[in-house]
Amino acid sequence: MSHDRARTDGSVPALELRGISKRYGPVVACDAVDLTVERGEVHGLLGENGAGKSTLMKVLMGLVSPDAGEIHRDGARVEVHTPQQAAGHGLGMVHQHFSLIEPLTVWENVALGEPGRIDRDAVCADVEAVGARYGLTIDPTARVERLSAGERQRVELIKALRRDPKVLVLDEPTSVLTIAESAALFEVLRTSVAAEGRGVILISHKLAEITAATDVVTVLRRGRLAFHCRTADTSAPELARRMVGRDVSLQAEGAALGLVVTDDPAKHLSPVLAGGLSAVPAEPPAPQAPADVPGTAALALHGLRLAGPDGRVLLDSLDLEVATGEIVALYGVEGNGQATLGDLLSGLIAPDAGEVHVAGRPVALDRPGALHEAGVGVIPEDRHRSGVVLDMSVADNLVMTDLRRYSGRLLMRRAKIRAQAEELVERFAIRTPSIDAPLRTLSGGNQQRVVLARELSAEPTVLVAAQPTHGLDVGAIEDMFARLREAAASGVAVLLISTELEEVMALASRIAVISSGRITGVLDVADASPQRLGMLVGGEAA
Amino acid sequence: MTAPARRPLASYVVGNAGLRRPSADAWRTAGITVVCVLVACALAALLVAISGGSPTEVVDALVTGSVADSAGWSQTLVNAAPLLLVALGACIANRAGVFNIGQEGQLLIGAMLGCFVALRLQGPGWMVITVALVAAAAGGGAWSGISAAMYYTRGTNVVVTTLLLTFIAAQVVQFAVNSPSLLQETGIGNGPARPQSDAVPEYLRLASFGQYPDLTIGVGVILAVVATVVLAVLIARSRWGFRLNMLGLNPMAARHAGIRASRLGGSALVLSGAFAGLAGGVILLGTVFRLQPAISNNFGWDGLLVALVARSRPGLALPVAVLFGGLRAGSSYLAATGVPDYLVDVVQALLVLAFVVPPVLSALWGRRIRNRSAVPDTPARPSAAPAKEEVPV
């Protein structure tokens, strides 16, 4: 699409991908995709989960060999079969999940993987020089395990930039960053990296980020190039439409795509909300009981404190209350204690101090299953880890937390289990060949529905949903949002643990912000602005 | 995200819960198994030929000793019973995700306690026999209980402790049969007392039905078969079996569902030791009749192999135990062929490999096929043709 565009200025693009195709059996991950990145350009690559962004970049970095297509650097065709070749051609990438070795220092991580003798002082000097040039200051002798997520990303960036890449790929770079850190990152990309004539590919599924930080945008949908345009000539709603393939009007979808609020405090909201998209967060379900009356909260966490095995404080005097029928979001940047709290509420770990009260009664946290019996349903962050047993059947997974209800004194009541499973499969629209199929054979969205169906079928007082839409596509996200709202409307107290601002703004009536294992503030959604949340996320009181 | 997550390695050993139609995976596994068994047989024949024997003579001897006539069958079943009992215990522990490999030692301790009761307890025969078998089971259970306690209080690796306790058990039994105050035989006349116990009196020996040369079936065999049926039903149908499977397949989800691993997993480990101990009691009262340091005769190790080959399914353990029992029975006829009888151990090991390796091979193969046919990190969609083994969202 773009390579045949006439070039009037005679310049050669820094990188050109031509007709890249990659099939995995019957599934086409990339179908003749073209992508052109000019020098000094920030190129946005947008698409839903599974649109082919990752596959395309894996091809570029020599991690996957394509079935067809060519890669051109500065106009010359190059072969990229290994990551080493990619690096040799001046291609660098910062992956979404950092590939740093935590016990090593910054300079050791930067030097890692380089051939030849390692000169400590030279590497340290390099780290400092690169840091100074791009405004990425960091102590080269610091241990990575002590760094924040934002600092770790700086290390990744320095590592990539030190090798002097002509094209730098950033995969979902803001997923672990605070709003301020994201803004700083885009500043560096724009003013330093692109200004030096390097090409940047910014992969994201967040529209706000793409519209704020890129010059050109390419949208992939189902492996095909769906849209290509200068960012200035398009709008977020149009990009959303291109990305999903139809008009986006639903609140849930808008939130899923990052349309409700923007991550960028400088230009938040304005361009994004035109074109039939609702700016108003979903009507928060009216709480049936006021949250501020002590003792009546459906879920009350008091002074939860927990230190990890290495002595690091994971939860620090955490207090939080969720009333019946209310959705409270626990928002924060990944790695600030959310996972620990999720494990605690799943009954996987017990706190060092503090209490959990459900409907006013304290729960014996050291007894497995006590929270579930008290009426706490959990959609865990990592369902494979604690939510399901992949090698057991769908039916078994649907009843496993309430075995007493489905068994006599000794034997299981198969008929009762099957009846319950059939009903839940029907009610929650779980797509499975049969209730006897192993859970492993279901898709992620359907596995998640199994968890949701099981936890809601126990008629919980409280539902804890930790990152419930992680890895799901738009349709499944919509469904999840609707189910959570429905649960709240029927009187369940919902605690939504999320790192996605849009999700939080779309679902919750109150937002509690967690930072370093502490609640730094609780805001009504009406009072919550990205700036205020950003300060709370950074650990400051707003 | 939705690409099937890696199966835990344990699930290959444990197998899957519930009934399932044979899938493509199952057919592939069956095919690979047939090939592996043929390769194992070919290798065994080659070994026999190299060591100067004739493969046909060896097969002939093995068959004569095990299944050619009712006397052979009797021998096969006598050998199969303790193997099966040990295997049943291993099935329980494996399903709970705790790998007990110390059955040999648990069996020895069981035999020792059973012997102690049989020689010291006065009373009617049926009562002393029952108490002796219960004591044997209790002894084996206590021995594996030490490992359970160490694991659930201090996190000491179960494989290591059960293995090392086996060597301690061997020393304990040595000590017992060398101490006149404990179990050493009283000796006859001036002959030196050997390191073994007195013989268990006639009336305390396990009864058997049928008379040589007809088929004889001992109480041990009946005990093992009944235990197999009960355990198979419990594992497939009971709440205990459900929880045991859940604990073994995903301990985190099990904890979320209210299972206390130390209680359920610990009791599974104790129970598996108890089965090994019971096997010791059956060997003592059924065939050997006196405690000797070599009484375990590798029944513990081989029983564990039976469970491995049967992939922790009690129902499958039954035929596998008969097969291994047959090999044991047949090996006593090997001497006539001029082939060393330890060759049977090699054949048995080859067979174990032939049965244990295929599921893993099949899974690796399947994973390669899937990797080629599924997009990693990509949810299947209704419009795009979904990967074969996935159900679209």
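Everything quoted here is computed from the prediction, not taken from an experiment.

(A) Spatial organisation of the overall build of chain A. Secondary structure assignment for chain A yields 18 helices and 20 strands. Residues classed as buried in chain A amount to 54% of the 542 residues present. A separation threshold of at least 6 residues defines the contact pool for chain A, and within that pool the share at least 24 residues apart is 69%.

(B) A look at the overall build of chain B. Broken down by element type, chain B carries 14 helices and 2 strands. Looking at chain B as a whole, 48% of its 393 residues qualify as buried. A sequence separation of at least 24 residues applies to 74% of the contacts in chain B between residues at least 6 apart.

(C) Focus on helix α1 (residues 53–60) of chain A. All names here are of chain A. Burial analysis of α1 places 8 of its 8 residues in the buried class, which makes it a mostly covered element. Inspection of α1 places Lys53, Ser54, Thr55, Leu56, Met57, Lys58, Val59 and Leu60 among the buried residues, and these make up the whole buried set. Count one or two residues on from α1 and you reach Gly62, which has phi positive near 75°.

(D) Summary view of the environment of Ala268 of chain B. Here Ala268 of chain B shows up in helix α11 (residues 261–288). Those residues in contact with Ala268 of chain B that lie beyond four places of it in its chain are Ile92, Ala93, Ala96, Val98 and Leu244 of chain B.

(E) Examining the domain arrangement of chain B more closely. All names here are of chain B. Entries for chain B in the domain assignment read domain 1 (1–14 + 24–53 + 342–371) and domain 2 (74–178 + 198–337). Distance between the C-alpha centres of domain 1 and domain 2: 26 Å. Taken together, the contacts link 12 residues of domain 1 with 15 residues of domain 2. Only α1 (10–14) and α14 (343–373) provide two or more residues apiece to the side of domain 1 that touches domain 2. Of all the elements, α14 adds the most residues to the side of domain 1 that touches domain 2, at 7 residues. The residue inventory of the side of domain 1 that touches domain 2, partitioned by class, reads 9 nonpolar, 3 polar and no charged.

(F) Seen up close, the nonpolar core. One finds Leu496 of chain A together with Ala87 and Ala317 of chain B to be the most contacted residues of the largest nonpolar core, which totals 268 residues. Top element by residues in this core is helix α4 (residues 70–95) of chain B. It accounts for 15 residues. For this core, the domains that each give at least three residues are domain 1 (1–14 + 24–53 + 342–371) and domain 2 (74–178 + 198–337) of chain B. Leu496 of chain A has contacts with Ile327, Ala329, Leu330, Ala465, Leu484, Val504, Leu507 and Ala508 of chain A, leaving out every residue within four places of it along the chain.

(G) View of the sheet that holds strand β20 (residues 518–524) of chain A. All names here are of chain A. Pairing is mixed across the open sheet formed by 6 strands, whose spatial order is β16-β17-β18-β13-β19-β20. Only two strands of the sheet have a single partner each, and these edge strands are β16 (376–379) and β20. Strand-to-strand twist across the sheet, computed as the mean angle between neighbouring axes with direction ignored, equals 20°. Pairing of strand β13 (residues 327–331) with strand β18 (residues 493–498), which is carried by 5 bridges, proceeds in the parallel orientation. Paired with Ala329 across the two strands is Leu496, which belongs to β18. Sheet strands in contact with helix α10 (residues 338–345) are β13, β16, β17 (462–466), β18 and β19 (510–515), and its direction is about 145° off that of β17.

(H) Expanded view of the pairing of strand β2 (residues 27–37) of chain A. All names here are of chain A. A large share of β2 lies buried, amounting to 8 of its 11 residues. Looking at chain direction, strand β1 (residues 15–24) and β2 are connected through 7 bridges and run antiparallel. Within β2, the residue paired with Glu16 across the bridge is Thr36. Between β1 and the antiparallel strand that follows it, β2, lie 2 residues; Gly25 among them carries a positive phi value of about 55°.

(I) Inspection of the sheet that holds strand β15 (residues 361–362) of chain A at higher detail. Residue and element names in this part refer to chain A. Within the open sheet, the 4 strands sit side by side as β12-β11-β14-β15. Their pairing is antiparallel. At either end of the open sheet lies a strand with only one pairing partner, and these are β12 (313–322) and β15. With 2 bridges joining them, strand β14 (residues 353–358) and β15 adopt antiparallel strand pairing. Across the sheet, residue Val358 finds its bridge partner in β15, namely Arg361. Relative to the sheet, α10 contacts β11 (299–307) and β12, its axis offset from that of β12 by approximately 65°.

(J) Region of interest: the packing of helix α12 (residues 299–309) of chain B against helix α13 (residues 314–331) of chain B. Residues and elements named next belong to chain B. It is the contact of α12 with α13, at a shortest axis distance of 9 Å, that shows an interaxial angle of 135°. When the axis of α12 is compared with that of α13, the two are oblique. The two elements α12 and α13 cross, and the hand of that crossing is right-handed. Facing Asp302, Val306, Ala307 and Val309 of α12, the residues of α13 in contact are Ala317, Val320, Ala321 and Phe324. Grouping the amino acids of the contact of α12 with α13 by side-chain chemistry returns 7 nonpolar, no polar and 1 charged.

(K) Main features of the environment of Leu304 of chain B. Residues and elements named next belong to chain B. Its location among the elements puts Leu304 in helix α12. The class of Leu304 is buried, set by 26 C-beta atoms lying within 10 Å. Taking the C-alpha atoms as reference points, Leu304 and Leu284, 20 residues apart in sequence, are found 19 Å from one another.

(L) Just the pairing of strand β6 (residues 91–94) of chain A, in detail. Residue and element names in this part refer to chain A. The alternating pattern of β6 places Leu91 and Met93 on one face and Gly92 and Val94 on the opposite face, and all of these are buried. In this structure, β6 lies alongside strand β7 (residues 167–171), joined through 4 bridges in parallel fashion. In the sheet register, Met93 faces β7, and the bridge partner there is Val169.

(M) Structural detail: the confidence of the model for chain B. Residues and elements named next belong to chain B. Scored by pLDDT, chain B comes out at a mean of 85, with 88% of its residues at no less than 70. A low-confidence stretch, residues 1–21 (pLDDT under 50), is modelled with 46 contacts involving residues beyond four sequence positions or located in other chains. For the stretch residues 373–393, pLDDT sits under 50, and the model shows 72 contacts to residues farther than four places along the chain or on other chains. Taken over the whole predicted complex, pTM reads 0.74, whereas the ipTM for its chain interfaces reads 0.81.

(N) Focus on unusual backbone geometry. All names here are of chain A. For Ala32, which is not a glycine, the phi torsion comes out positive at approximately 50°. Tracing the sequence through the fold places Ala32 in strand β2. Looking at Ala32, the number of C-beta atoms within 10 Å reads 15, which means it is partly exposed. In this structure, Asp74 is a non-glycine residue whose phi angle is positive, near 50°. Judged by C-beta crowding, with 15 C-beta atoms within 10 Å, Asp74 ranks as partly exposed.

(O) Highlighting helix α8 (residues 236–244) of chain A. All names here are of chain A. Across the 9 residues of α8, 7 count as buried, placing the element largely inside the fold. Buried residues of α8: Ala236, Pro237, Leu239, Ala240, Arg242, Met243 and Val244, and no others. Note on α8: the residue one or two positions beyond its end, Gly245, has a positive phi of about 90°.

(P) Main features of the environment of Ile138 of chain A. Residue and element names in this part refer to chain A. The topology assignment puts Ile138 in the loop between α4 (120–134) and α5 (149–162). Each C-alpha atom of the pair Ile138 and Asp31 lies 41 Å from the other, and the pair is 107 residues apart in sequence. Contact partners of Ile138, with chain neighbours within four places excluded, come to Val106, Val127, Gly131, Glu151, Arg154, Val155 and Ile158.

(Q) View of the packing of helix α3 (residues 55–66) of chain B against α13 of chain B. Residue and element names in this part refer to chain B. Packing of α3 against α13 leaves a shortest axis separation of 7 Å and a crossing angle of 105°. Looking at the two axes, α3 sits roughly perpendicular to α13. Contact residues: Ala61, Leu62, Val63, Gly65 and Ser66 in α3; Gly326, Leu327, Ala329 and Gly330 in α13. Residues of the contact of α3 with α13, tallied by class, amount to 5 nonpolar, 4 polar and no charged.

Analysis parameters
- Residues numbered from 1 in each chain as written.
- Chains lettered and ligands numbered in written order.
- Predicted model: local features only at pLDDT ≥ 70, side-chain atom pairs only at ≥ 80, totals over all residues.
- Helix = DSSP H or I, 4+ residues; strand = E, 2+ residues; numbered from the N terminus.
- Buried ≥ 20, exposed ≤ 12 C-beta atoms within 10 Å, placed from the backbone.
- Contact = placed C-beta atoms within 7 Å.
- Domains from an automatic or database assignment.
- Nonpolar A, V, L, I, M, F, W, Y, C, P; charged D, E, K, R; others polar.
- Core = buried A, V, L, I, M, F, W, Y, C linked by C-beta atoms within 7 Å.
- Pairing = 2+ DSSP bridges.
- Axes fitted to C-alpha atoms, helices over the stretch in contact; angles between N-to-C directions.
- Parallel < 35°, antiparallel > 145°, perpendicular 65-115°, else oblique.
- Left-handed = near helix turned anticlockwise from the far one by under 90°.
- pLDDT = per-residue confidence, 0-100.

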